[in-house]
Amino acid sequence: MANLNKVMLIGRLTRDPEVFMFANGGKVAKFGFAVNTNKRKNPQTGQLEDDPIFLDVEAFNRGEFGKKADLVEQYLRKGNQAYIEGHLRLDQWTA
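Residues numbered from 1 in each chain as written. Predicted model: local features only at pLDDT ≥ 70, side-chain atom pairs only at ≥ 80, totals over all residues. Heavy atoms only, no water.

A. Molecular detail of the overall build of the chain. Summing up its helical and strand segments, the chain has 1 helix and 8 strands in all. Helices (α) and strands (β) of the chain occur, in sequence order from the N terminus, as β-β-β-β-β-β-β-α-β. The C-alpha radius of gyration of the chain comes to 16 Å, more than 25% above the 12 Å expected for a compact globule of 95 residues. With the C-alpha coordinates aligned to their principal axes, the bounding extent of the chain is approximately 55 × 40 × 30 Å. Within the span of the chain, comprising 95 residues, buried residues form 24% of the whole. Partitioning the intrachain contacts of the chain with sequence separation of at least 6 by distance along the chain shows that 53% fall at a separation of at least 24. Of the roughly 7,900 Å² that the chain leaves accessible, carbon and sulfur atoms contribute 53%. The averaged location of the 12 negative side-chain charges in the chain is 2 Å from the averaged location of its 14 positive side-chain charges. (Helix = DSSP H or I, 4+ residues; strand = E, 2+ residues; numbered from the N terminus. Rg over C-alpha atoms; globule rule 2.2 N^0.38 Å. Buried < 20%, exposed > 50% of the residue type's maximum accessible area, 1.4 Å probe, protein only. Contact = heavy atoms within 4.5 Å. Areas by Shrake-Rupley, 256 points an atom, 1.4 Å probe, with all protein chains shown as cover. Lys, Arg positive; Asp, Glu negative; His and termini not counted. Charge placed at Lys NZ, Arg CZ, Asp CG, Glu CD.)

B. Focus on the pairing of strand β2 (residues 18-21). Where β2 and strand β3 (residues 27-36) come together, 4 bridges link them in antiparallel fashion. In the strand pairing of β3, Glu-18 is matched with Lys-30. Adjacent in sequence and paired antiparallel, β2 and β3 are bridged by 5 residues, among which Gly-25 carries a positive phi angle near 95°. (Pairing = 2+ DSSP bridges.)

C. Expanded view of the pairing of β3. Most of β3 is tucked away, with 8 of its 10 residues classed as buried. Direction of pairing for strand β1 (residues 7-13) relative to β3: antiparallel, over a ladder of 2 bridges. The residue of β3 that forms the bridge with Leu-13 is Phe-33.

D. Broad picture of the packing of aromatic side chains. Applying the stated criterion across every chain, the model contains 1 aromatic pair. Ring centres of Phe-31 and Phe-33 lie 6.5 Å apart, and the angle between their planes is 80°; on these two criteria the pair is classed as edge-to-face. You'll find Phe-31 and Phe-33 in the same group, each marked buried. Its guanidinium or amino end placed over the ring of Phe-60, Arg-62 lies 4.8 Å from that ring's centre, counting from NZ or CZ. (Phe/Tyr/Trp six-rings, centres within 6.5 Å; stacked < 30°, edge-to-face > 60°. Lys NZ or Arg CZ within 6 Å of the ring centre and 35° of its normal.)

None of this, on its own, says anything about what the molecule does.
Structural data, given as structure tokens:
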């Protein structure tokens, strides 16, 4: 059976991208991203409210044609709406 790990999101940046360079010349842009899911009813007010999901996103420059980190650095800022397509990687740690 085949496996698939693909994600397509539309949301807004929650913070400006931070760009880091690697010793080998590579680059990564890290930023926060929020996607609103279904609205939910607030039990106290009875009003519908957004139920956002907050994500940490990393965009890399990979090879000659992979310049995603450069594009993020050049065009995206906090509050901008963006479409992101990629794959999920779950980071886990213990405190």
